[in-house]
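So you can see what is in the structure, the chains are spelled out below.
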Amino acid sequence: MKKMNEFTLAESLSLLGKKEISSQELVSAYFEQIDRVDAEVGAWITLDRQGALRQAARIDDHRLKGLALGPLAGVPGGLKDNLCTTTMPTTCASKMLVQYTSPFDATVVEKLAGADAVILGKLNMDEFAMGSSTENSYIKPVRNPVDLTRVPGGSSGGSAAAVASFQAAFTLGSDTGGSIRQPAAFCGVVGLKPTYGAVSRYGLIAFASSLDQIGPLTRDVTDLAHVMNVLAGHDPRDSTSVTVDWPDFRDSLRADVKGMKIALPKEYFGKGLNPEVKAAVLEAARRFELLGADVDEVGVTTMEYALPAYYLISSAEASSNLARFDGVQYGYRADDFEDLRDLYVKTRSQGFGKEVKRRILLGTYALSSGYYDAYYKKAQQVRGLIRKEFSDLFKTYDLILSPVAPTTAWKLGEKSKDPLEMYMEDIYTVPINIAGVPAISVPCGKDTSGMPVGMQLIGKPFDEKTLIRAAYTFEQSVGGWRHDG
Amino acid sequence: MTAKDFEVVMGLEVHVELKTATKIFCGCSTAFGAPPNTQVCRVCLGLPGALPVLNEKVVDAAVKAGIATNCEITAYGKQDRKNYFYPDLPKAYQISQYDLPLCHGGYIDVEVRGETRRIGITRIHIEEDAGKLIHDGEGTLIDYNRGGVPLIEIVSEPDFRSAEEVGAYLRKLRAILIYAGISDCKMNEGAFRCDVNLSVRQRGSSEYGTRTEMKNLNSFNFIQKAIEHEAQRQIALVTSGGKVVQETRRWDQTAGKSISMRTKEDAHDYRYFPDPDLMPIVVSTERISKLASELPQMPDERKAHYIQHYGLGAYDAEQLVSSRAVADYFEQAVIGCSNVKLLSNVMTTEIFRLLGDQEGEERVPAFSAADLRDLVNRIEDETIHMGIGKKVLSLMWTGAGHPDAIIEAQDLKQISDPELLKLVVAEVIEAHQKAVLEYLDGKDKAFQSLMGQVMAKTKGKANPKMVSELLESAIQTMK
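## Digging into the overall build of chain B
Looking only at helices and strands, one finds 15 helices and 16 strands in chain B. Over its C-alpha atoms, taken along the principal directions, chain B stretches across nearly 95 × 55 × 50 Å. Across chain B, contacts joining residues at least 24 apart in sequence account for 69% of those joining residues at least 6 apart. For chain B, the accessible surface area stands at approximately 21,700 Å², while carbon and sulfur atoms represent 51% of it.

Written out as structure tokens, the structure reads:
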């Protein structure tokens, strides 16, 4: 018999609806699992046991009284710790914000509350979402639940690890250059980076505003559709949020890809790609063909420029977004300082970790007078070309299929010495953020060490429903999500 | 080389706080004078996760300013971040506009010494104001109420050659913005602030000298003094073989001089880049037409009307339209006025003197425009003469009531009875033989003194024209 926390979100919803289990029992089961495994995994930064159990009790009570309930009523989830919450600190896994509690909730937090979800706590991450392994957390590293000697990916490593280790039915992450998809791939769960503008960024502590999107991580595609139904929608408080007539994503849970046109860009399968990852993703491509999709190999010309463009644009925006952490109003402030300048220098030198400082320096440089044209402006031009290339491909194809990352999860510490090697991990994910299109990461096999491999399906802007349908079709064809399969 | 061989070249940057009810990126009030940090929220405090949403009324106001100053409107604009650290700037960047300002390429015509000078407007852009630092004895406190209040920055071409031109331009610009209903331009509340870029060069040169920037001059008086001082400083420097350093200077009014704040070497690199949190600003031609139709008659239109219909001089007309409240008052007083030129004179001399410097707000006399008109009519119909008119006016100013009532109560009616005046003149001539002889000797001043004696004897009420004639003829008979 499955433990209660091993039910998927959809299964839990069904059992809750039939009153076979209560939300309080379910939440308690998750906390028991957290107590069992998280000392090793390190997924959580803050837990809100009282708040979660109180919310669960309220929902159980409403259910007994027959009152109307939201679409995620009673289901426990977790939030990446860069999403503002009034009931818990929002640390961004940084010394700068360890004591910071926001006076307002992020829009997605309000939406989850409106959907009657239960929030267990806040999840570990790379400091300010900068990193690909969650080793950059100021608080503690996260370990991959599949193999505790390995990283969970990043920056939403806590979000992926919590779902993979049954510590949450669903989690939210943020994805600036792959931060949802890559950890989802590394931990063997499903993760979606929605179209830029699909989900409100209000209350997400910004890394790179033109690239950041919040998205769900779940065990399977069905669960993802449930959560995405709650997240998507226009928010007047976020000027970049878009008004779209969103469908019910559960309607896309149909195993049918017949006639779907899928592009396979050969540059995404070139040098640097681990052969086992390549084999698994190409195998997935063949499976799509067998399922009735048309898969064509195509050539792209902009991919090699995406990574440098990404690191320039994201670092430039970060250097400005993170300037507000100056020790004046809130957050960490250095103890002794002589004057204003000294306050700034000491606070920021002591409050930020190494990787964050590296990006701030890189971004400041890229925006500096005399370098702007060569770096930031050039990167924006590249961005235009990448967008156009995607948009051209989507004139012919419904989807693009690629690996999520060139490797599977590596050992902790293995790539920490060379930042460039770590940046290369993002090579297949960053073009998607640059183009602003949606992409989903779906498990598609394992390497010989048993580490999960993820494939990336990239879709047209605001066409998440097709992504979900294709991912669901694939998942069904391989027998559904199996953590140990 | 002497100072006369030099020409001063200036360009202005004027920051104007807009009169919108709410701030540029959030719903906080813009009202002035609230207790510190009571008009703030997560957005204008720049808290992590909060996002700006552009107040479209700010765009409307800036576009109106552009139309009123003959600018082109940018159809597809954007907003940029200007990055620098300072405690009054909670995000450590100011949202402004860099290379695509909302308005560009306009001009304003001003009257200076009987000449019309056209001053080019390079650009008008929108941006957010910063908070305010308050230094008390123990440390520095920050009031963020002003943070996020919408501003427009109006940048002129380097078209100014004298402090007088600067003054005329600022008064005109201020009038235009008040007419358009965009801002109250209250200088004492910091709603109209001016930076002056100034350089000097030898007359005839086409190259610009090295310029300095003087920041935040918030009174017409200070601006005038700051310009004179800085021009002299630069000329003295250049003529003594020195070089002007490109720098930002702060005008210290109490010390009566400017002080260097920072030189070019430690000037900020603002690292402008497009703000990714905000969408492009799209201004359609329909929107421009609609905003143009909402603008009231502008100062230049009224000025032209005054010149054409009332025969006023360009300078006087410009003076009258320089404040919307004053122009409105003038237009009310014109109704039923038997001498509009005289009315204009009274307003631009006596009334302006009584009102004082119009920097703080738009002020008009407390008494009605109709009362002023009646006073002018009494002068025109010779019930009183101009000198008594001034006296009546000053009594009206203190709230003494209608001019007729004052004239009656104070017995100020002009004495125009020739017989009566002849007697007084005879008395004065009798008593001041010495002055009479001096006048006959060719000393014109002596005549004025005799006039004064007659006026004194009649408590100033004698008809000056008649007194003058009677005196003259009486003295001539003595030859």
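## Description of the environment of A:Ala68
Residue and element names in this part refer to chain A. Tracing the chain through its elements places alanine 68 in the loop between α3 (49-64) and β2 (76-80). Judged by relative accessible area, which is 74%, alanine 68 ranks as exposed. Separated by 347 residues in the primary sequence, alanine 68 and lysine 415 place their C-alpha atoms 50 Å from one another.

## Focus: the domain arrangement of chain B
A common way to report how large an interface is uses the accessible area buried once the components associate. All names here are of chain B. Annotation of chain B at the domain level lists domain 1 (3-291), domain 2 (297-409) and domain 3 (418-478). Spacing between the C-alpha centres of domain 1 and domain 2 amounts to 34 Å. When domain 1 packs against domain 2, the two sides together hide about 1,600 Å² of surface, and 53% of this comes from carbon and sulfur. The largest share of the area that domain 1 buries against domain 2 comes from Glu111, Lys172 and Tyr179, three residues that together contribute 46% of it. Here domain 1 is connected to domain 2 by three salt bridges.

## Some words on the side chain of A:Thr85
Residues and elements named next belong to chain A. By secondary structure assignment, the location of threonine 85 is in the loop between β2 and α4 (107-114). On the basis of relative accessibility, which here comes to 2%, the residue threonine 85 falls in the buried class. Looking at threonine 85, its side chain comes within polar contact range of the main-chain oxygen of methionine 88, at 2.9 Å. When residues no more than four places from it in sequence are discounted, the contact partners of threonine 85 are Leu79, Thr90, Thr101, Ser102, Phe104, Asp105, Val109 and Lys122.

## Focus: helix α2 (residues 163-179) of chain B
For α2(B), which comprises 17 residues, the first-to-last C-alpha distance of 24 Å matches the rise-based estimate of 24 Å (1.5 Å per residue) to within 8%. Of all 17 residues in α2(B), 15 are buried, a share of seventy percent or more.

## Considering the interface of chain B and chain A
Facing the 31 residues of chain B at the interface are 38 residues of chain A. In total, about 2,800 Å² of surface goes out of reach between chain B and chain A, with carbon and sulfur atoms giving 58% of it. Summed over the three residues of chain B that lose the most area to chain A, namely B:Pro48, B:Phe85 and B:Arg271, the buried surface amounts to 23% of that side. Our count for the contact surface shared by chain B and chain A stands at one salt bridge. Between B:Asp277 and A:Arg201 there is a salt bridge whose closest N-O contact spans 3.0 Å. Inspection of the region where chain B meets chain A yields 15 residue pairs in polar contact (both at pLDDT 80 or more). A per-class count over the side of chain B that touches chain A returns 22 nonpolar, three polar and six charged.

## Topic: the sheet that holds strand β8 (residues 294-298) of chain A
All names here are of chain A. Taken in spatial order, the 11 strands line up as β1-β3-β2-β4-β6-β5-β10-β11-β9-β7-β8 in an open sheet, and their pairing is mixed. The strands lining the two open edges of the sheet, one partner per strand, are β1 (44-47) and β8. Going from strand to strand, the sheet's axes swing by 30° on average, the running direction of each strand aside. Pairing analysis gives three bridges linking strand β5 (residues 190-193) to strand β10 (residues 439-446), with the strands arranged antiparallel. Bridge pairing in β10 places leucine 192 opposite isoleucine 440. Sheet contacts for helix α2 (residues 23-41): β1, β2 and β3 (118-123); angle to β3, the most-contacted strand, approximately 20°. Contacts between helix α15 (residues 464-477) and the sheet are confined to β5, β9 (399-403), β10 and β11 (452-459), with β10 contributing the most and set at about 10° to the helix.

## Brief notes about the packing of aromatic side chains
Where two aromatic rings form a pair, the distance of their centres and the angle of their planes describe that pair. In this structure the tally under the stated criterion is 29 aromatic pairs over all chains. With 5.4 Å between their ring centres and 85° between their planes, A:Phe186 and A:Trp410 make a pair best called edge-to-face. Of this pair, A:Phe186 sits in helix α6 (residues 181-187) while A:Trp410 sits in the loop between β9 and α13 (419-424), and the two are 224 residues apart along the sequence. A:Trp410 sits in the buried class, given a relative accessible area of 3%. For the pair A:Phe325 and A:Tyr330, a centre-to-centre distance of 6.2 Å together with 80° between the ring planes defines the contact as edge-to-face. Residue A:Phe325 is classed as buried on the basis of its relative accessible area, which comes to 2%. Residue A:Tyr330 is classed as buried on the basis of its relative accessible area of 12%. Put simply, the rings of A:Tyr100, A:Phe128, A:Phe325, A:Tyr330 and A:Phe352 touch in pairs and so form one group of aromatic residues. For the cation-ring pair, B:Arg171 lies above B:Phe220, with the distance from its terminal atom to the ring centre recorded as 4.5 Å.

Thresholds applied
Residues numbered from 1 in each chain as written. Chains lettered and ligands numbered in written order. Predicted model: local features only at pLDDT ≥ 70, side-chain atom pairs only at ≥ 80, totals over all residues. Heavy atoms only, no water. Helix = DSSP H or I, 4+ residues; strand = E, 2+ residues; numbered from the N terminus. Contact = heavy atoms within 4.5 Å. Areas by Shrake-Rupley, 256 points an atom, 1.4 Å probe, with all protein chains shown as cover. Buried < 20%, exposed > 50% of the residue type's maximum accessible area, 1.4 Å probe, protein only. Domains from an automatic or database assignment. Buried area = accessible area lost by both parts, 1.4 Å probe. Salt bridge = Lys/Arg side-chain N within 4 Å of Asp/Glu carboxyl O. Polar contact = N/O pair within 3.5 Å; in protein donor to acceptor, adjacent residues only side chain to side chain. Expected span 1.5 Å × (residues − 1). Nonpolar A, V, L, I, M, F, W, Y, C, P; charged D, E, K, R; others polar. Pairing = 2+ DSSP bridges. Axes fitted to C-alpha atoms, helices over the stretch in contact; angles between N-to-C directions. Phe/Tyr/Trp six-rings, centres within 6.5 Å; stacked < 30°, edge-to-face > 60°. Lys NZ or Arg CZ within 6 Å of the ring centre and 35° of its normal.

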